[in-house]
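# Examination of the molecular architecture
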2 protein chains.
Amino acid sequence: MNAISQQKSSDRTNVAIIGMGTVGAGVARLLIDHGDRTARHAGKTIWLSKAVVRDLKKPRGIDLPDGVLTDSIDDVLNDPEIDVIIQLMGGLSPAREVMLRAMEAGKDIVTANKALLAEHGGELFTRARQLGRSIAFEAAVAGGIPIIANISQCLSANQIESLEGILNGTSNFIVSQMDEKGAGYDETVKRAQDLGYAEADPSMDVDGTDAAQKLAILSHLAFGATVDWRDIPRKGIDGLDPADLVYARELGYRIKLLATARLVDGELELSVAPTLIPIGTPMAEVRDAYNAIRVVGDAVGPVFYHGLGAGQMPTASAVVADVIDTAVGRTPITFETLEYFSSERPPRTAQRDVDTLRGRYYMRLRVANDPGTLASIAGVLSSHSISIASVIQHEPKSKDESSSDNTVPLVIMTHEASEGAASRATTDIEALPAISGTVVRMPVRE
Amino acid sequence: MNAISQQKSSDRTNVAIIGMGTVGAGVARLLIDHGDRTARHAGKTIWLSKAVVRDLKKPRGIDLPDGVLTDSIDDVLNDPEIDVIIQLMGGLSPAREVMLRAMEAGKDIVTANKALLAEHGGELFTRARQLGRSIAFEAAVAGGIPIIANISQCLSANQIESLEGILNGTSNFIVSQMDEKGAGYDETVKRAQDLGYAEADPSMDVDGTDAAQKLAILSHLAFGATVDWRDIPRKGIDGLDPADLVYARELGYRIKLLATARLVDGELELSVAPTLIPIGTPMAEVRDAYNAIRVVGDAVGPVFYHGLGAGQMPTASAVVADVIDTAVGRTPITFETLEYFSSERPPRTAQRDVDTLRGRYYMRLRVANDPGTLASIAGVLSSHSISIASVIQHEPKSKDESSSDNTVPLVIMTHEASEGAASRATTDIEALPAISGTVVRMPVRE
């Protein structure tokens, strides 16, 4: 394989794209229309040799030179002139098999497939090291924010103490639109779909899966933790009630789907959850489909990044930067040095028991409009050593604010408590006779 | 020189610090106390061999191993075992000569000396290329924000369309404190000095020199422009009147010292000026000594960075990241590829004539409290094709709002106009008999 690599002309790097969806077409556009730009940054030509598609006849909104388009993956993998594979197939299979075959054929990889890395990162990175190949994956997390390079290189002098972010643009679009327009969840999802911000089945986005997969990858880079994304306590924004956005605002907060990784006593707290964030802080003001990430390093202090999380050209921007880094040799160095997902490097950080996470909580519940109700709830909280910071219970202003069953909404902000205590208190409160339905509970950031 | 490089043991990179001020001590602390961390990111040991100081007896708040401290630069430059020089001397001379000698002695350079690069970048980078050496300078601009690496590598697929930022932490601290506390300029400078946010002579910070030097460096990286920082139109925050902060807030803006580089018709608009920025946008909410930079790329869209601009450990974080990048070989690749300040690469972008810059303007003036005054001012603006967007003229509420000479403050927001027209209109307005004193004029961002 190395003989193949070394034969290649050094003034040109040949690349092939596998998977010409939206992002693939954007990558092709940058490589073809802006060859001068990539050449300037790479010190040599980056040449798009092939683009593999399933259907040669499908229109893609881009003119490719004759001979570039092919429907044969083998053509590309067997071509010794191709140095780098831009792997843009979605899903796990055959994306995994194609990536393995490409590396066995001596090619370096650039990919945007976050789910594939979250599921099979260990296997793929180990195999890459065995074969002397590299995998670049800036586009897999927060496309428009170069967070992979920033954690792996720019902040390398730091012990990262915490990392939190809005990592799912679809969820953030839905929550911001609900907040700004006072609209309901279902109609906002429909609107997001119409505008192209949500897929026909948005469940992986809105249930927190996507954010948890990204957080697992970032936690590995930032803390050396090896985390299965399924082990990250995770709540989504699906079914968010607009009432909570209104109460949060009254209390001085916005609700955002926040992914958090935080070192506490040498262990890693991980969570994905709709979270109350103080209005006026940069994270609370992240709108629409933007992503944002705040990293705190022990030397650099807090660094905040804000950019588009997805979309054709932001993702293509990350892919092409990776292609340049691979072509000039930076990625191979970083890849070899950092030994991502190496089984020979034991995890540096273990995940903390979810019950021990500490923070403040927002709780909303419907209670009987009777004397004694608040006392009974306060009693339960107190029995779990949770103290109340503030309470909102408005007098019913009109018919539709109080329900036919004589219940009213009650909102409680607690002082700091453990997740375990808050969870047990919630169960106990829900068992009180004065409570109607379930308790909505969300963590609160300072 | 190359023979020297190649003799060096590959599992260890030896570095020496020249200049052990605050930042130098921070760098030494990271290298000595956190060798495991740097080794993990470099894949080998980064070893602090020497630290050159003028006075061996001065306390530095850090315990260096025996034999590290020296007062002889020659000791370090003549030591063939030392691979990288961390050049932390301030000023232009002898910093320039030391850097040249170090490169001639076969050493790569990491530096935080922004003024040196702004003045002698061309000479130093050309000499480095001749000698096959590299210069890393992340710490020279916005220490806690890795903007050099982000522009040079992470956003390399983009044509950068604009770059604007709060690049001077001292100025931002002073302006935010004046805004939040309603305090005057002089007392706030004093407070900033007491807290260590401003130097005894803060003129280079508050007059915009520091921001212009940083903008010149960033403009070179982002736009391939070769700009003498003296050619950047530049106003500082020195003498800022708290009244302008109050009027700006009433209009929905905050005032920040903003450095701007923007491509317009293929030419580069450059400026440093106190600027009105809409409240609620991330840039307006940058407080205290923080820096922030917003880059717009044609593919990635807007990316916003926020972090500490200076200080011991944020700057040391940038320096040590550069040391690691140099030790593993990433910096030499980037340095060779991008050919910064190369005389063989003509500038890609020319600076635009300042008169053609376009934007909205804020103007505050003292006018005679007579009928006809506003008409005469509007007439002057109109004669320069500038239309008025809004006007604030409050009725005098108390004695101290109207002055003894029967003048009142008048604030005008214009629609878009050219800098040339705005400047000529200002001169003409100041010549009107109804105007007392000079006109305060600042650009306004949307």
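Structure's up top.
Residues numbered from 1 in each chain as written. Chains lettered and ligands numbered in written order. Predicted model: local features only at pLDDT ≥ 70, side-chain atom pairs only at ≥ 80, totals over all residues. Heavy atoms only, no water.

Here we come to the overall build of chain A. In terms of helices and strands, chain A carries 16 helices and 17 strands. Taking 22 Å as the expected radius of gyration for a compact globule of 446 residues, we find that chain A reaches 25 Å, a close match to that expectation. Each principal axis of the C-alpha distribution contributes one length, and for chain A these read about 85 × 45 × 35 Å. Here chain A, with 446 residues, has 58% of them falling under the buried criterion. Looking at chain A alone, contacts between residues at least 24 apart form 73% of all its contacts between residues at least 6 apart. In chain A, 44 positive and 59 negative side-chain charges are present, and the distance between their average locations comes to 3 Å. (Helix = DSSP H or I, 4+ residues; strand = E, 2+ residues; numbered from the N terminus. Rg over C-alpha atoms; globule rule 2.2 N^0.38 Å. Buried < 20%, exposed > 50% of the residue type's maximum accessible area, 1.4 Å probe, protein only. Contact = heavy atoms within 4.5 Å. Lys, Arg positive; Asp, Glu negative; His and termini not counted. Charge placed at Lys NZ, Arg CZ, Asp CG, Glu CD.)

Of the transformation placing chain A onto chain B, the axial shift is 0.0 Å and the rotation is 180 degrees, giving an RMSD of 0.0 Å. The superposition of one copy onto the other is thereby described by a two-fold rotation axis. A share of 100% of interface residues in chain A that are also interface residues in chain B marks the association as one of identical surfaces. (Least-squares fit on C-alpha atoms with pLDDT ≥ 70 in both.)

Below, the discussion takes up the environment of Pro282(A). Residues and elements named next belong to chain A. Counting through the fold element by element, Pro282 comes out in the loop between strand S9 (267-278) and strand S10 (290-297). The class of Pro282 is partly exposed, set by a relative accessible area of 41%. Taking C-alpha positions, Pro282 is 24 Å from Leu357, a pair spaced 75 residues apart along the chain.

So, on to the nonpolar core. Grouped together as the largest cluster of nonpolar side chains are 173 residues, with contacts concentrated most on Ile147(A) and Ile147(B). Apart from residues lying up to four places away in sequence, Ile147(A) is in contact with Glu138(A), Val141(A), Leu218(A), Ile293(A), Val295(A) and Tyr305(A). Judged by nonpolar contacts, the second largest core, of 68 residues, contains Met313(A), Val320(A), Ala157(B) and Ala318(B). (Core = buried A, V, L, I, M, F, W, Y, C linked by side-chain atoms within 4.5 Å.)

The next subject is the pattern of salt bridges. Applying the stated criterion across every chain yields a total of 54 salt bridges over all chains. Residues Arg424(B) and Asp355(B) are paired through a salt bridge, measuring 3.9 Å at the closest nitrogen-oxygen approach. Of the two residues, Arg424(B) sits in helix H16 (residues 419-430) while Asp355(B) sits in the loop between strand S12 (350-351) and strand S13 (358-368), which places them 69 residues apart along the sequence. A relative accessible area of 45% places Arg424(B) in the partly exposed class. Residue classification places Asp355(B) among the partly exposed residues on the basis of a relative accessible area of 36%. Across the pair Glu419(B) and Arg441(B) runs a salt bridge, and its minimum N-O distance is 3.1 Å. Placement of Glu419(B) in helix H16 and of Arg441(B) in strand S17 (residues 435-444) is noted, with a sequence separation of 22 residues between them. Looking at Glu419(B), the relative accessible area reads 17%, which means it is buried. Counted as one network, the salt bridges with shared partners bring together Asp179(A), Glu180(A), Arg249(A), Arg254(A), Glu285(A) and Arg287(A). (Salt bridge = Lys/Arg side-chain N within 4 Å of Asp/Glu carboxyl O.)

This part covers the interface of chain A and chain B. Counting from both sides, the interface comprises 47 residues of chain A and, opposite them, 47 residues of chain B. The junction of chain A with chain B conceals about 4,200 Å² of combined surface from both sides, 56% of it contributed by carbon and sulfur atoms. Looking at the side of chain A facing chain B, the largest losses of area belong to Arg40(A), His41(A) and Arg330(A), adding up to 15% of the total buried there. Where chain A touches chain B, the interface holds two salt bridges. Arg37(B) is the salt-bridge partner of Asp298(A), the closest N and O atoms lying 2.8 Å from each other. Taken together, chain A and chain B are joined by 15 residue pairs in polar contact (both at pLDDT 80 or more). (Buried area = accessible area lost by both parts, 1.4 Å probe. Polar contact = N/O pair within 3.5 Å; in protein donor to acceptor, adjacent residues only side chain to side chain.)

With that settled, consider the sheet that holds strand S6 (residues 135-136) of chain A. Residues and elements named next belong to chain A. Across the sheet, six strands lie side by side as S3-S2-S1-S4-S5-S6; this open sheet has parallel pairing. Lying at the two open borders of the sheet, with one neighbouring strand each, are strand S3 (69-70) and S6. As judged from the two bridges shared by strand S5 (residues 108-111) and S6, these two strands associate in the parallel manner. Across the sheet, Ile109 pairs through a bridge with Ile135, a residue of S6. The strands touched by helix H13 (residues 312-328) within the sheet are strand S1 (12-18), strand S2 (45-52), strand S4 (84-87), S5 and S6, with S5 carrying the most contacts at an inclination of about 165 degrees. (Pairing = 2+ DSSP bridges. Axes fitted to C-alpha atoms, helices over the stretch in contact; angles between N-to-C directions.)

Below, the discussion takes up the packing of aromatic side chains. Evaluated as defined, the whole model comprises 13 aromatic pairs over all chains. Both rings, one in Phe125(A) and one in Phe341(A), keep their centres 5.1 Å apart while their planes meet at 55 degrees; by these two values the pair is tilted. Taken as a pair, Phe125(A) in helix H6 (residues 114-131) and Phe341(A) in the loop between helix H14 (330-338) and strand S12 (350-351) lie far apart in primary sequence, 216 residues in all. Exposure remark for Phe125(A): the relative accessible area of 0% places this residue in the buried category. Taking the relative accessible area as the measure of exposure, Phe341(A) reaches 18% and is therefore buried. Seen in terms of ring centroids, Phe125(B) and Phe335(B) are 5.4 Å apart; in terms of plane orientation they differ by 25 degrees. Their pairing is stacked. One end of the pair, Phe125(B), is in helix H6 (residues 114-131); the other, Phe335(B), is in helix H14 (residues 330-338), with 210 residues separating them in the sequence. Judged by relative accessible area, Phe335(B) falls into the buried class, the value being 4%. Three or more aromatic residues joined by ring pairs form one cluster here, namely Phe125(A), Phe137(A), Phe335(A), Tyr340(A) and Phe341(A). For the cation-ring pair, Arg441(A) lies above Tyr361(A), with the distance from its terminal atom to the ring centre recorded as 5.0 Å. (Phe/Tyr/Trp six-rings, centres within 6.5 Å; stacked < 30°, edge-to-face > 60°. Lys NZ or Arg CZ within 6 Å of the ring centre and 35° of its normal.)

Moving on, we get to the packing of helix H3 (residues 35-42) of chain A against H13(A). Residue and element names in this part refer to chain A. At a minimum axis distance of 9 Å, the contact between H3 and H13 shows a crossing angle of 40 degrees. Classified by the angle their axes make, H3 and H13 are oblique. Crossing of H3 over H13 shows right-handed handedness. Facing H3, whose interface residues are Thr38, His41 and Ala42, H13 presents Val320, Ile324 and Val328. Counted by class, the contact of H3 with H13 contains four nonpolar, two polar and no charged residues. (Parallel < 35°, antiparallel > 145°, perpendicular 65-115°, else oblique. Left-handed = near helix turned anticlockwise from the far one by under 90°. Nonpolar A, V, L, I, M, F, W, Y, C, P; charged D, E, K, R; others polar.)

So far we have only geometry, and geometry alone does not tell us how the molecule works.
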